[in-house]
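Chain by chain, the residues:
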Amino acid sequence: MRIILAKDYEDMSQKAANLIAAQISLKPNSVLGLATGSSPIGAYQNLIESYKKGQISFAQTVSINLDEYVGLAQNSPQSYRFFMDENLFNHVDIDKNRSFVPNGLAADAKEECARYEGIIKQFGGVDLQLLGLGNNGHIGFNEPAQNFEKETHKVALTESTIKANRRFFAKEEDVPRFAYTMGIGSIIKARHIVLIASGVGKAQVLKDAFLGPVTPQLPASILQFHPNVCLVADETAMSLLI
Ligand code: GLP
């Protein structure tokens with residue numbers, strides 16, 4: 001694993017954006033695996049600035065997002081599709097027909113998961129997967145479990161995740177109880193993984209994920225087995241690791 005130590009959130013965001021920008025400069029038709037949450041917003045802002053300066057283009061890029069809430073329409077402000085449009089896609093030249101997020105309103109969950117897994121395969125897998133880290137060690141919406149789920153699946157969100165994501169909703173009852181997420185197998189097949197973490201709230205889980213045992217009880221720990229992981233974390237997130 002490569003560790004890039006950042007000073008703070010802004011620095012982490014700039015460094016993560018640099019890695020993504022380098023990926024699409026070197027391979028314009030890259031398949032990017034993208035993430036939501038507070039962690040990647042700054043990186044997306046940096047990418048938008050680089051695009052506006054004419055330094056990068058997403059015109060040939062494919063994006064495949066990690067996850068989506070079950071039950072939310074694409075135009076719901078809390079949906080991850082809406083988040084991606086607001087925080088990145090509406091501001092760059094990406095072809096939205098080639099930017100994928102699971103369909104939270106799909107009639108048949110199994111079919112939707114198979115369709116999504118098919119998209120990942122159709123584009124030859126993910127070149128660079130950006131990941132945030134849930135407080136309980138989840139990646140995408142792969143919650144602590146008995147086994148590592150391989151492929152895209154429907155997952156019941158844990159109380160801790162519902163509480164953590166409550167801040168985006170008017171009230172706790174509005175937070176969806178289920179989500180679609182790429183599986184751990186789908187995630188670790190990515191050729192290059194960039195995990196970002198900022199803030200003291202991520203310090204313990206980051207330490208457990210990289211210095212503790214590899215276990216489905218802490219899904220991010222699987223990243224210890226990936227040959228090409230780059231952790232971009234700021235000093236407070238890294239405070240228990242260094
Ligand atoms: C959500 C997303 C994850 C994300 C996590 C952490 O649960 N499904 O992909 O990594 O939040 O969010 P944050 O970056 O806001 O801490």
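Residues numbered from 1 in each chain as written. Predicted model: local features only at pLDDT ≥ 70, side-chain atom pairs only at ≥ 80, totals over all residues. Heavy atoms only, no water.

Caption draft 1: Molecular detail of the site of the ligand. Near the ligand you find 14 residues, and of these Ser38, Ser39, Asp67, Arg167 and Lys202 are the closest. Here Asp67 contributes a side-chain N or O atom positioned 2.8 Å from a nitrogen atom of the ligand. Side-chain polar atom of Arg167 to an oxygen atom of the ligand: 2.8 Å apart, as the coordinates give it. When the ligand is considered free in solution it has 390 Å² of accessible area, and contact with the protein chains removes 93% of it. Across the shell around the ligand, the residue classes tally to three nonpolar, eight polar and three charged. (Near = heavy atom within 4 Å. Polar contact = N/O pair within 3.5 Å; in protein donor to acceptor, adjacent residues only side chain to side chain. Areas by Shrake-Rupley, 256 points an atom, 1.4 Å probe, with all protein chains shown as cover. Nonpolar A, V, L, I, M, F, W, Y, C, P; charged D, E, K, R; others polar.)

Caption draft 2: Geometry of the packing of helix α1 (residues 9-26) against helix α2 (residues 41-52). Remark: α1 packs on α2, axes separated minimally by 8 Å, with the N-to-C direction vectors making an angle of 55°. It follows from the interaxial angle that α1 and α2 lie oblique. As α1 runs across α2, the sense of the crossing is right-handed. Between α1, through Tyr9, Ser13, Gln14, Ala16, Ala17, Ile20 and Ala21, and α2, the contact on the second element is made entirely by Ile41, Gly42, Ala43, Asn46 and Leu47. Looking at the contact of α1 with α2 residue by residue, the classes come out as eight nonpolar, four polar and no charged. (Axes fitted to C-alpha atoms, helices over the stretch in contact; angles between N-to-C directions. Helix = DSSP H or I, 4+ residues; strand = E, 2+ residues; numbered from the N terminus. Parallel < 35°, antiparallel > 145°, perpendicular 65-115°, else oblique. Left-handed = near helix turned anticlockwise from the far one by under 90°. Contact = heavy atoms within 4.5 Å.)

Caption draft 3: The arrangement of the nonpolar core in detail. With 62 residues, the main nonpolar core has Tyr44, Leu47, Ile64, Leu88, Ile139, Leu206 and Leu223 as its most contacted residues. Broken down by element, the residue count for this core peaks at seven residues, all from α1. For Leu223, the residues in contact, after removing those within four places along its chain, are Leu131, Ile139, Ile188, Ile193, Leu195, Phe210 and Val229. Core analysis: the next-biggest nonpolar cluster, separate from the first, contains 11 residues, Val101, Phe141, Ile162 and Phe169 among them. (Core = buried A, V, L, I, M, F, W, Y, C linked by side-chain atoms within 4.5 Å. Buried < 20%, exposed > 50% of the residue type's maximum accessible area, 1.4 Å probe, protein only.)

Caption draft 4: Broad picture of the sheet that holds strand β5 (residues 99-100). One open sheet holds the seven strands; their spatial order is β1-β10-β9-β6-β2-β3-β5, and the pairing between them is parallel. One side of each edge strand has no neighbouring strand; the edge strands of this open sheet are β1 (2-6) and β5. Pairing between strand β2 (residues 31-34) and strand β6 (residues 128-131): two bridges, direction parallel. Bridging from a neighbouring strand, Leu32 pairs with Leu128 of β6. Relative to β1, α1 is tilted by about 135°, and along the sheet it contacts β1, β2, β6, β9 (192-197) and β10 (229-234). (Pairing = 2+ DSSP bridges.)

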